[in-house]
Amino acid sequence: MPERLEIDALRALLTIVQQGGVTRAAEHLCVSQSAVSHKIRRLEQNLDCELLTRRTGAPLLTEDGERLKTYASRIVDLHDEALASLRKRPVSGTIRLGMTEDTTTSGVARILGRFTRLFPEITVHTRASQSLCVQDWLQAGELDLAVMQIFKKDVQPGDLILFEDTLHWVRSKDLVLDTSDRIPFLSFDSNCFYKVWAFSEGLSAGHRFENVLECPSAAGIQSAVRSGLGVALLNGLHVTPDIATIAGVFPTPPDITYIARVQDGARSPAVDALISEIAKEV
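Cut-offs applied
Residues numbered from 1 in each chain as written. Predicted model: local features only at pLDDT ≥ 70, side-chain atom pairs only at ≥ 80, totals over all residues. Heavy atoms only, no water. Helix = DSSP H or I, 4+ residues; strand = E, 2+ residues; numbered from the N terminus. Buried < 20%, exposed > 50% of the residue type's maximum accessible area, 1.4 Å probe, protein only. Contact = heavy atoms within 4.5 Å. Lys, Arg positive; Asp, Glu negative; His and termini not counted. Charge placed at Lys NZ, Arg CZ, Asp CG, Glu CD. Pairing = 2+ DSSP bridges. Axes fitted to C-alpha atoms, helices over the stretch in contact; angles between N-to-C directions. Expected span 1.5 Å × (residues − 1). Phe/Tyr/Trp six-rings, centres within 6.5 Å; stacked < 30°, edge-to-face > 60°. Salt bridge = Lys/Arg side-chain N within 4 Å of Asp/Glu carboxyl O.

Q: Provide a residue-level description of the overall build of the protein, including the pertinent values.
A: The helix and strand inventory of the protein stands at ten helices and ten strands. When its C-alpha atoms are laid out on the principal axes, the protein stretches across 75 × 45 × 30 Å. Looking at the 282 residues of the protein, the share that counts as buried comes to 43%. Look at the contacts in the protein between residues 6 or more apart in sequence, and 76% of them connect residues 24 or more apart. Averaging the positions of the 30 positive and the 36 negative side-chain charges in the protein gives two centres separated by 5 Å.

Q: An account of the environment of threonine 56 is requested, with residue identities and associated values reported.
A: With respect to the element layout, threonine 56 can be found in the loop between helix 3 (33-47) and helix 4 (63-85). Separated by 97 residues in sequence, threonine 56 and lysine 153 place their C-alpha atoms 35 Å apart.

Q: For the sheet that holds strand 3 (residues 145-151), give the residues involved together with the corresponding values.
A: Pairing is mixed across the open sheet formed by five strands, whose spatial order is 2-1-3-10-4. Strand pairing shows two members of the sheet lacking a second neighbour, strand 2 (122-128) and strand 4 (160-165), which therefore form its edges. Strand after strand, the sheet turns through a mean of 20 degrees between neighbouring axes, direction not considered. Strands strand 1 (93-99), strand 2, strand 3 and strand 10 (256-262) of the sheet are contacted by helix 7 (residues 131-139), whose axis makes an angle of about 130 degrees with strand 3.

Q: Tell me about helix 3, and please be specific about residues and values.
A: Within an α-helix, residues lying three or four positions from one another point in the same direction, as the helix has 3.6 residues per turn. Between its terminal C-alpha atoms helix 3 stretches 21 Å, which fits the 21 Å expected from 15 residues at 1.5 Å a residue. Listing the buried residues of helix 3 in full gives Val36, Ser37, Ile40, Leu43, Glu44 and Asn46. Considering only its buried residues, helix 3 is in contact with helix 1 (7-19), helix 2 (22-29) and helix 4. Looking one or two places after helix 3, you find aspartate 48, whose phi comes out positive at around 55 degrees.

Q: Can you tell me about the packing of aromatic side chains, naming the residues and giving the values?
A: Note on aromatic pairs: each is described by the distance of the centres and the angle between the planes. Here the structure, examined in full by the defined rule, presents 13 aromatic pairs. Ring geometry for phenylalanine 151 and phenylalanine 193: centres 4.9 Å apart, planes at 50 degrees, overall tilted. Pair noted here: phenylalanine 151 is in strand 3 and phenylalanine 193 is in helix 8 (residues 193-204), with a separation of 42 residues, a long-range link. Plain terms: the ring middles of tryptophan 169 and tryptophan 197 are 6.2 Å apart, the flat faces sit at 45 degrees to each other, and that makes the pair tilted. Linking tryptophan 169 in strand 5 (residues 167-171) with tryptophan 197 in helix 8, this pair joins segments that are 28 residues apart in sequence. The exposure classification of tryptophan 169 matches that of tryptophan 197, with both residues buried. A connected cluster of aromatic rings, assembled from ring pairs, spans Trp169, Phe185, Trp197, Phe199, Phe209 and Phe250.

Q: Before we move on, can you summarise the pattern of salt bridges with the specific residues and values?
A: Under the counting rule described, the total for this entry stands at 14 salt bridges. With a closest N to O distance of 3.0 Å, arginine 54 and glutamate 44 form a salt bridge. Taken together, the residues span a long stretch of sequence, with arginine 54 in the loop between helix 3 and helix 4 and glutamate 44 in helix 3 at a distance of ten residues. A salt bridge links arginine 114 to aspartate 77; the nearest nitrogen and oxygen atoms lie 2.6 Å apart.

None of this, on its own, says anything about what the molecule does.
Set out below in structure tokens:
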């Protein structure tokens, strides 16, 4: 039997990497764990090499697995692009997309690049801002689709959950806090929903915050925290080892969720196509 690479097996390998294991990959693909394992075993047999390490604590992929992953990504992308280009009825239209700064630097940006190749007749106009601004644009009908952060308790039934994260009070390791005085606070902007929550909950708990810096980027807030300019709220994704977390001083922050939300009445074949591409990755 000649060597060959099956698309479904390559897709299974990529999903294992994206989801962090065979079990979660099976759940994501809506198949049994044994089915995913079988695809990988057949791929290994055809290539006469091991792709998964299968050892506790070891990297997920072997050296051969890592090498194949790069080719697999390109092959699967080209496969899907070819199918899309040969559709009898190409999907066309315009999508007004809103995103937060966090999501522009995440996998969503990569998905958008792939989407434009798969659906060249769909135009995507993207705007980026803080979550509350994106929510306002969506509610005002200025967007068809929003990819943004919200508090976990605010997730709606129709939202596509991308991933969840925790929120932390942070400071410089050298910053000494005096909670009896005004506490310098660093926010992403005047409409930062972290700030809105912090000032409301902090006031209820007897704390007085003073906004001393507004910066729209996570990197800017991180730098200001490290410099000791004040305290901030950062999601776990941006809490680095050189930043100290604060526990037991301020109200416990709620968990946050990254979602994709469609504006009421904005469903279209183009929007559904983009939602479908995002859903494949999360």
